[in-house]
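# Structural features, examined
Below, each chain spelled out in residue letters.
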Amino acid sequence: MTGATFLSEEWWDEYRDVVDEDPEMTLQGRDAFDENFVIAVGEENHLLDFHNGAVQDVRTPGLDDSWAFTIVGARDAWEHFVEEVPPAHHNELFASFYRTAVKGEEGYFDIVGDHKAVFQNFRSVQRALDLMRTTENGATPRTEGTNRPSEPTDEITGKYVNVELDGITHRIYYETNGPEDGIPLLCQHTAGCNNSQWRHVLNDDEITEHFRVIAYDLPQHGKSVPPSSESWWADQYDLTGERFTETIVSIADALELDEPVFIGSSMGGTITMELADWYPDRFRALIGLEAGLFTPGFYIGWLAHPHVNANDVNSYATWGLMAPHSPEWARRETLYNYEQGANGVLKGDLYYYSVEHDYRDSADDIDATQTRMYLLNGEYDYLTNPDDARVAAEAIGEGASAHEMKAIGHFPMAEGPELFRSYIKPVLDDIRGVRDEPLPDVFAPEDFGVEANR
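Along each chain, the written sequence defines residue order, and numbers are assigned to residues from 1. A pLDDT threshold of at least 70 governs which residues receive local features in this predicted model, and a stricter bar of 80 or more applies before side-chain atom pairs are shown or counted, although totals over entire chains, interfaces and linings include all residues. As a rule here, side-chain values cover all heavy atoms of the structure and leave hydrogens and water aside.

## What to know about the overall build of the chain
This is how it is decided: We count a stretch as a helix when DSSP gives it H or I for four or more residues in a row; a strand needs E for two or more, and each element gets its number in order from the N terminus. Between the two quantities, the radius of gyration covers C-alpha atoms and the globule rule is 2.2 Å times the number of residues to the power 0.38. The buried label applies to any residue whose accessible area, calculated with a 1.4 Å probe on protein chains only, is under 20% of its type's maximum; exposed applies above 50%, and partly exposed to all values in between. Contact between two residues is taken to exist if any of their heavy atoms lie within 4.5 Å; hydrogens are not considered. Each accessible area is a Shrake-Rupley estimate made with a 1.4 Å probe; only the visible protein chains count as cover when residues are assessed. Only four residue types enter the charge count: Lys and Arg as positive, Asp and Glu as negative, with His and the chain ends excluded. A single reference atom marks each charge: NZ on Lys, CZ on Arg, CG on Asp, CD on Glu.
A count of helical and extended segments in the chain gives 16 helices and 14 strands. Computed over C-alpha atoms, the radius of gyration of the chain comes to 22 Å, within 12% of the 22 Å expected from 2.2 N^0.38 for 454 residues, which places it in the range of a compact globule. Counting every position in the chain, which comprises 454 residues, the buried fraction comes to 58%. Taking the intrachain contacts of the chain between residues at least 6 apart in sequence as the baseline, contacts between residues at least 24 apart amount to 74%. Of the accessible surface of the chain, which amounts to about 18,800 Å², a share of 43% is contributed by carbon and sulfur atoms. Put simply, the chain has 32 plus and 84 minus side-chain charges, and the middle of one group is 4 Å from the middle of the other.

Here's what the structure looks like:
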């Protein structure tokens, strides 16, 4: 930990050394990151001058200076940001900015100026800010938990199934594990990603003892390549709730699943409401991870803009949605999986997620007594936090329950595999009818003997 006072001249000198010696910044910023931007901390302004990913100077801006954007926050917000383990939504720039810009909350960051410059330098800006935390707490890189635990290699089976949607046959890829007569557990990935997010659930012997776990790739995601019978390359891809639910039910029908349990995260969590509303008899239970009645503000043009590296933005947009407690290897793997997505697909998925999905005035149309609904949101999910799950469950009424997941974020099954599996097993036991006591309102690592890995 640095002995210098936060934001003092000595502190900034140490920061410059940390940035200039950081291999990740060197890789991301070389010959490219040349922006000046201002850190506004209460009444203090600090101009950061970068060139080729290195800090040239940090100074109070003068009348001759120019800069692309300013990150504005009260001193308390910045002090929370640089804590070793920041509080929820203070852990990353866009986690904080979303709470200001979309939710209208106080005490978080704002971004003033050229947002295009931010998105064009997305990874470098994120890293430059992360290294403020490193400077404040010591320059030792994260190493704990960076080794992926050993996994079985011969249990999961990958297959294809043909699914007809609007008269067009789609070749859908899925992976499965578990007994043929097990309860089907149908797993939906997050927006713009693929079924690899679920492999830790697919590999869990305690889950696959009773459940036949099936994780699929939506059309145009992962290995479910678009059909050649339509000019998908010339069409705008915007997912709708109608198409989304039709696809899920059609996959369940094509696989001849009897009373499956559906589980999904993010857009896969919110779609549980449409499934419960429109297909109340098709599923045994619905598990919505990171779900909310309304999830606005994330249908962003920069996610598929010709002047922006969409691969970088789409992958690193996940960074602030994950908990700092999650193992480094799992967080980095989550980023990597997002780098595999086709351009425009994440943005198109988010049309459903942030534009079309809205149950604020119609949640009581859902009868969760027909299909039990479990809504579980992570503490560090700045898009749909645990309060959003509580509001949704209360609005839906009987048959719906909300549960907070501590020390985890928006991609629980991928970013914190061990912790998530501990959280989800009691829910699956409840669905099987073998759990006597009610599910807790809050799931926490210490309740399961799992150490949240910082």
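We are not done yet, so read on.
## What to know about the packing of aromatic side chains
The cut-off we apply is this: Planes of paired rings set the category: under 30 degrees apart is stacked, over 60 is edge-to-face and the rest tilted, where pairs are Phe, Tyr or Trp rings (Trp by its six-membered ring) whose centres lie within 6.5 Å. Note on geometry: a ring has a charge over it if NZ (lysine) or CZ (arginine) is within 6 Å of the ring centre and within 35 degrees of the ring normal.
Counted under the stated rule, the structure contains 29 aromatic pairs. Centre to centre, the rings of Phe 94 and Phe 97 are 6.1 Å apart; their planes meet at 80 degrees, and the pair counts as edge-to-face. Taken together, the residues Phe 94 and Phe 97, both in helix α4 (residues 93-101) and 3 residues apart, mark about one turn of the helix. On the basis of relative accessible area, Phe 94 is assigned to the buried category, the value being 13%. An aromatic cluster is defined as three or more aromatic residues linked by ring pairs; in this entry it consists of Phe 94, Phe 97, Phe 119, Phe 122 and Trp 302. Positioned over the ring face of Phe 81 is Arg 133, at 4.5 Å from the centre of the ring. The cationic tip of Arg 171 hangs over the ring face of Tyr 160; the distance from NZ or CZ to the ring centre is 3.7 Å.

## Structural notes on the state of the cysteines
What counts, and what does not: A pair of sulfur atoms, both from cysteines and within 2.5 Å, is called a disulfide here.
For the structure shown, the criterion picks out 0 disulfides. Distance from the sulfur of Cys 187, which forms no disulfide, to the nearest cysteine sulfur (Cys 193) is 13 Å. Taking the relative accessible area as the measure of exposure, Cys 193 reaches 2% and is therefore buried.

## Things to note about the environment of Lys 116
Definition in use: Polar contact is the term for a pair of N or O atoms within 3.5 Å; when the atoms are in protein, one must be able to donate a hydrogen and the other to accept it, and sequence-neighboring residues count only if both atoms are side-chain atoms.
Relative to the elements of secondary structure, Lys 116 occurs in helix α5 (residues 115-120). Along the sequence, Lys 116 and His 307 sit 191 residues apart, while their C-alpha atoms lie 8.5 Å from each other. Look past the residues within four positions of Lys 116 in its chain and what remains in contact with it is Trp 302 and His 307. A polar atom in the side chain of Lys 116 sits 2.7 Å from the side chain of His 307.

## Points about a negative patch on the surface
Rule in force here: Only residues whose relative accessible area exceeds 30% and that form no salt bridge are eligible for patches; like-charged ones are grouped when within 9 Å, while nonpolar side chains (Val, Leu, Ile, Met, Phe, Trp, Tyr) are grouped when within 5 Å. Every case where a carboxyl oxygen of Asp or Glu lies within 4 Å of a side-chain nitrogen of Lys or Arg is listed as a salt bridge.
Together, Glu 9, Glu 10, Asp 13, Asp 17, Asp 20 and Glu 21 make up a region of like negative charge exposed at the surface. Looking at the secondary structure, you find Glu 10 in helix α1 (residues 9-20). Take Glu 10: its relative accessible area is 49%, and that puts it in the partly exposed class.

## Details of the packing of helix α9 (residues 241-254) against helix α10 (residues 267-278)
The test is simple: Axis angles are defined between N-to-C directions and span 0 to 180 degrees, where every axis is a line fitted to C-alpha atoms and, for a helix, only to the segment in contact. Here roughly perpendicular refers to angles of 65 to 115 degrees, roughly parallel to angles under 35, roughly antiparallel to angles over 145, and oblique to all remaining angles. Each residue gets one label: Ala, Val, Leu, Ile, Met, Phe, Trp, Tyr, Cys and Pro are nonpolar, Asp, Glu, Lys and Arg are charged, and the others, such as Gly, are polar.
Relative orientation of the contacting elements α9 and α10 amounts to 85 degrees, with a least axis distance of 10 Å. When the axes of α9 and α10 are compared, the pair comes out roughly perpendicular. Residues Gly 241, Glu 242, Phe 244, Thr 245, Ile 248 and Val 249 of α9 touch α10, and the partners they reach there are Met 267, Gly 268, Ile 271, Glu 274, Leu 275 and Trp 278. Per-class residue counts for the contact of α9 with α10 are 7 nonpolar, 3 polar and 2 charged.

## A closer look at the pairing of strand β13 (residues 400-405)
Spelled out, the test is: Note on pairing: DSSP must find at least two bridges between two strands before they are called paired.
Burial analysis of β13 places 6 of its 6 residues in the buried class, the great majority of the element. Inspection of the sheet shows strand β12 (residues 372-378) paired to β13 by 6 bridges, in the parallel sense. When the sheet's bridge partners are listed, Leu 375 is paired in β13 with Ala 402.

## What about the pattern of salt bridges?
Taken as a whole and assessed by the stated rule, the structure comprises 31 salt bridges. With its nearest N and O atoms 3.8 Å apart, the salt bridge here joins Arg 59 to Asp 49. You can see Arg 59 sitting in strand β3 (residues 54-59) and its partner Asp 49 sitting in strand β2 (residues 44-51), a full 10 residues away along the chain. Put simply, Glu 151 and Arg 148 hold a salt bridge, and the shortest N to O gap is 4.0 Å. Given a relative accessible area of 48%, Arg 148 falls into the partly exposed group. One salt-bridge network, in which partners are shared between bridges, spans Asp 22, Glu 24, Arg 127, Glu 328, Arg 331 and Arg 332.

## Overview of the sheet that holds β12
In spatial order, the strands read β6-β7-β9-β8-β10-β11-β12-β13-β14; together these 9 strands make up an open sheet with mixed pairing. Two strands in the sheet have a free side with no partner beyond their single neighbour: β6 (157-165) and β14 (442-443). Where strand β8 (residues 183-188) and strand β9 (residues 211-216) come together, 5 bridges link them in parallel fashion. By the bridge assignment, Leu 185 is partnered in β9 with Val 213. Each of β12, β13 and β14 is contacted by helix α14 (residues 386-396), which is oriented at about 160 degrees to β12, the strand it contacts most.

## Remarks on unusual backbone geometry
A positive phi angle, near 55 degrees, is found at Asn 52, a position not held by glycine. Its location among the elements puts Asn 52 in the loop between β2 and β3. The class for Asn 52 is partly exposed, based on a relative accessible area of 33%.

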